[in-house]
Amino acid sequence: MSTFSDFGPLTERRRAELKQKQRKRMVLAGSSVFVVLIVVIAGVAVISRQPTHEASKGSGSSGKPANNAPSTTQMHAISKSVEVICSPTDYKDMCIKSITKATNTTSSPKDMIRATVSVIHDELGNAFSVASLLKSNDPRVKQAIEDCNEHYENVKYHLASTLNGIDMHKLDDLPQRSHQFRVWLSAVVSYQETCIDGFPDGDLKTKMEKAMKDGKELSSNALAILAKLSDFLSALKIKIPGINRRLLSEESAHPELDKEGIPSWVSDEDRRILVGKVKGNLKPNVVVAKDGSGAFTSINAALKAIPKEYQGRYVIYVKEGEYDEQVLIPKKMANITMIGDGSQKSMITGNKNFVDGITTYKTATVAVMGDGFMAIAMGFRNTAGAIKHQAVALRVQSDRSIFLNCRMEGYQDTLYAHSLSQFYRSCVISGTIDFLFGDATAVFQNCIFTVRRPLDNQQNIVTAQGRINPHETTGFVLQKCKIVADKALIPDKAKIKSYLGRPWKEYSHTMIMESEIDDFIHPDGFLPWNGDFALKTLTYREFKNNGPGATTAGRVKWPGYKLVKDKADATKYTVTNFLHGEPWIRPTGTPVKTGLYM
């Protein structure tokens, strides 16, 4: 268990509250006459709360079965309620089978919702165990197996977070928190896919794909159900707080904000720190300096020295210098802030790469997994070069992470925005092929995307978003950004084609809005991944971009591409509505535009 301050709702105090709340079950009133489907569902809530000793009476004139066996009426009601909760899913047969197996006549509607998530755990335990049984002398396969073991630990963490979140809130409060649950479950899906992607093409990869199939389908079902919780509870005639308020109202959009406008999950210490300016009021806990003027000369040494019992936000000031080290901020290190002297002055560098036999996942110069991470005025660089192909500068798996005035430099696969909720403001991201990729829910605001010169036989692609399932919350939003050519590319921009994005996975999801696009971007705008793969299922959007490269007359005619003209449609991609970021970004003092600029 982490000795650091817990991020999100999982504090010790809340765990204690959870135990108390689990003893209290909501009693749902409903009709005992099953005339229409809604009444049938309401009836199961009553049946599920009846004392079990009633069912244990003998089967005399009452007609009740002995030995606690459920009546035909009860079984019919349960069956109908399971059908309704499974109605929005893509794998209905599996949904009905799994929930029916995990519930019984004493299960409440909340128990059924919980079951949609709990059934994933056992299935994925079996799936990930397949990786451990695989044998190979290929170093890359061995590393892929090792990576899968790490991914499984993350899967368990996010499933536990989701279940604890469901447990600690009342039934009618769950719809307002479903977005966060879906963020965690989207990460579960991403880790399954990342495990598969680590294997070279061949029989072993095929085995992992087959092993993950049922787990992916159960995860998909849970995502779909959580997205439609309001419909399910409405069918039960349960009043949902805020359900009739307009979308952009402060209360419904941000149920976690307290009266001071600060999220309820922020600790008292963080509350005092975060209400001030981002950098000016953050007093460092420790200083790292290459010249020896600080407590440590390396970032890893500073991280290793963090007290095990430390509570609260830990601030590391990284003085000007080039730090050649591979840095990992693990899951247990939540709420770390790293502040530099400037994105080109305080730079962390490395050169791990795919050509040298390392999985793309492990090539990252810096990998951030601890939730609540903040980086301010820091640089992250991979120096492997274009010839080494995949070489990640920064990999981010930190929920509610913020990068302000930072720089990410590389060529192919520079920034791996892997999963969870992320916000980037006034950053510079440079590269060539798919240099922004991953399956996070991420917004990039006022950032500069600098497209570099690739190898002669290569093309440039800015984004490669990897949404695997249409029910995920994930996607990339580029708002008020600039997409420009590096000075080394400009002489050859006519012969080297450059694109805004391509679909790495089947449901790739990207919006570019209110941004400036230079003339080197190909008129098509986007590039296929392989033939017609994902062209019907992807979601690519543009809204009110400007510059010579923003002309849409020649854009691709794919079914999944759309030029957004309605402002209301574009609003769905703002920080408030897409990232649900206002409650956790504003308290840090980070500049943010929560709506549209235009």
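So, here is what we can say about the structure in this document. Because the structure is a prediction, the values reported are computed rather than measured.

1. Quick notes on the packing of helix α6 (residues 109-133) against helix α7 (residues 139-168)
Thought 1: At their nearest, the axes of α6 and α7 sit 10 Å apart, and the two run at 170° to each other. As far as their axial angle goes, α7 and α6 are roughly antiparallel. Judged by residue contacts, Lys110, Ile113, Arg114, Val117, Ser118, Ile120, His121, Leu124, Gly125, Phe128, Ala131 and Ser132 of α6 engage Ile145, Cys148, Asn149, His151, Tyr152, Val155, Lys156, Leu159, Thr162, Leu163, Ile166 and Asp167 from α7.
Thought 2: Classifying every residue of the contact of α6 with α7 gives 13 nonpolar, seven polar and four charged.

2. Quick word on the sheet that holds strand β5 (residues 336-340)
The strands that make up a sheet are held in pairs by hydrogen bonds between backbone atoms, and each pair lies either parallel or antiparallel.
Thought 1: One open sheet accounts for eleven strands, arranged β1-β2-β5-β8-β11-β14-β17-β20-β23-β25-β26; its pairing is parallel. Strands at the two margins of the open sheet, each flanked by one partner only, are β1 (286-288) and β26 (561-563). Across the sheet, the mean angle separating the axes of adjacent strands is 10° when strand polarity is ignored.
Thought 2: Note that β5 and strand β8 (residues 374-376) share three bridges and pair parallel.

3. Concerning the nonpolar core
Thought 1: If you look at the biggest cluster of nonpolar residues, it comprises 64 residues, and the most contacted ones within it are Ile113, Leu185 and Phe199.
Thought 2: Elements with a contribution of two residues or more to this core: α4 (72-85), α5 (92-102), α6, α7, α8 (174-197), α9 (203-227) and α10 (229-235).
Thought 3: Sorting elements by how many residues they give to this core places α8 first, with eleven residues.
Thought 4: Not counting the four nearest positions on each side in its chain, leucine 185 is found in contact with Val117, Ile120, Leu159, Thr162, Ala222, Leu223 and Leu226.
Thought 5: Counting residues in each nonpolar core, the second largest holds 62 residues, with Ile316, Ile329, Ala417 and Ala485 among its members.

4. Describing the environment of phenylalanine 578
Thought 1: Here phenylalanine 578 shows up in helix α15 (residues 575-579).
Thought 2: In sequence terms phenylalanine 578 and threonine 474 are 104 residues apart; their C-alpha atoms lie 8.8 Å from each other.
Thought 3: Dropping the residues within four chain positions of it, phenylalanine 578 is found in contact with His179, Thr441, Ala442, Val443, Thr473, Thr474, Gly475, Val477, His509, Lys572 and Tyr573.

5. Overview of the sheet that holds strand β13 (residues 415-417)
Thought 1: Strand order in the open sheet made by the seven strands is β4-β7-β10-β13-β16-β19-β22, with parallel pairing throughout. Two strands close off the open sheet at either side, each with one partner strand: β4 (327-329) and β22 (498-501). Put simply, the sheet's adjacent strands are angled 10° from each other on average, direction ignored.
Thought 2: Pairing of strand β16 (residues 433-438) with strand β19 (residues 460-465) involves four bridges; the strand directions are parallel. Across the sheet, residue glycine 438 finds its bridge partner in β19, namely glutamine 465.

6. Digging into the side chain of serine 107
Thought 1: As for its placement among the helices and strands, serine 107 is situated in the loop between α5 and α6.
Thought 2: Separated by 2.9 Å, the side chain of serine 107 and the backbone nitrogen of asparagine 104 make a polar contact.

7. Points about the pattern of salt bridges
Thought 1: For the structure on display, the rule yields 23 salt bridges.
Thought 2: Of the charged contacts, one joins aspartate 456 and arginine 453 as a salt bridge, the two residues approaching to 2.9 Å between their closest N and O atoms.
Thought 3: Note that aspartate 569 and lysine 572 form a salt bridge whose closest N and O atoms lie 3.6 Å from each other.
Thought 4: Through salt bridges with shared partners, a single ionic network connects Glu146, Asp147, Glu150 and Lys362.

8. Remarks on the state of the cysteines
Thought 1: Enumeration over the complete set of coordinates arrives at two disulfides.
Thought 2: In this model, cysteine 86 is linked to cysteine 95 through a disulfide, with the two sulfur atoms separated by 2.1 Å. Handedness of the cysteine 86-cysteine 95 disulfide follows from its S-S torsion of about -80°: it is left-handed.
Thought 3: If you count the bonded cysteines of the protein from the N-terminus, they pair up as 1-2, 3-4.
Thought 4: Here cysteine 406 stays unpaired: no disulfide links it, and the sulfur of cysteine 427, its closest cysteine neighbor, is 4.8 Å away.
Thought 5: The class of cysteine 406 is buried, set by a relative accessible area of 1%.
Thought 6: Not part of a disulfide, cysteine 481 finds its nearest cysteine sulfur in cysteine 447, a span of 4.8 Å.

9. Some remarks on the environment of isoleucine 402
Thought 1: If you trace the backbone, isoleucine 402 turns up in strand β11 (residues 401-404).
Thought 2: For the pair isoleucine 402 and phenylalanine 423, spaced 21 residues apart in sequence, the C-alpha separation works out to 4.9 Å.
Thought 3: When sequence neighbours within four positions are dropped, the list of residues in contact with isoleucine 402 reads Phe373, Met374, Ala375, Phe423, Trp584, Ile585, Thr588 and Thr590.

10. Concerning the environment of alanine 131
Thought 1: Looking at where alanine 131 falls in the secondary structure, it is placed in helix α6.
Thought 2: Note: C-alpha distance between alanine 131 and lysine 207 (76 residues apart in sequence) is 8.8 Å.
Thought 3: Leaving out residues up to four positions away in the same chain, alanine 131 has contacts with Ile145, Cys148 and Met208.

11. Comments concerning the packing of aromatic side chains
Thought 1: With the rule as written, the count across this model stands at 16 aromatic pairs.
Thought 2: Measuring from centroid to centroid gives 5.8 Å for phenylalanine 444 and phenylalanine 449, while their planes differ by 65°, and the two rings are edge-to-face.
Thought 3: By the ring-pair criterion, three or more aromatic residues cluster together here, those being Phe373, Phe380, Phe403, Tyr424, Phe435, Phe444, Phe449 and Phe476.
Thought 4: A cation sits over an aromatic face here: arginine 140 above phenylalanine 354, 4.1 Å from the ring centre.
Thought 5: Stacked on the ring of tryptophan 529, the Lys or Arg arginine 502 has its end atom at 4.0 Å from the ring centre.

12. Quick look at the pairing of strand β3 (residues 321-324)
Thought 1: With burial as the criterion, only one face of β3 is covered, namely that bearing Gly321 and Tyr323; the residues Glu322 and Asp324 on the opposite face remain uncovered.
Thought 2: Pairing of β3 with strand β6 (residues 346-350), which is carried by four bridges, proceeds in the parallel orientation. Each residue of the ladder has a partner; that of tyrosine 323, found in β6, is isoleucine 348.

Cut-offs and rules
Residues numbered from 1 in each chain as written. Predicted model: local features only at pLDDT ≥ 70, side-chain atom pairs only at ≥ 80, totals over all residues. Heavy atoms only, no water. Axes fitted to C-alpha atoms, helices over the stretch in contact; angles between N-to-C directions. Helix = DSSP H or I, 4+ residues; strand = E, 2+ residues; numbered from the N terminus. Parallel < 35°, antiparallel > 145°, perpendicular 65-115°, else oblique. Contact = heavy atoms within 4.5 Å. Nonpolar A, V, L, I, M, F, W, Y, C, P; charged D, E, K, R; others polar. Pairing = 2+ DSSP bridges. Core = buried A, V, L, I, M, F, W, Y, C linked by side-chain atoms within 4.5 Å. Buried < 20%, exposed > 50% of the residue type's maximum accessible area, 1.4 Å probe, protein only. Polar contact = N/O pair within 3.5 Å; in protein donor to acceptor, adjacent residues only side chain to side chain. Salt bridge = Lys/Arg side-chain N within 4 Å of Asp/Glu carboxyl O. Disulfide = S-S within 2.5 Å. Phe/Tyr/Trp six-rings, centres within 6.5 Å; stacked < 30°, edge-to-face > 60°. Lys NZ or Arg CZ within 6 Å of the ring centre and 35° of its normal.

That is the geometry; function is a separate question.
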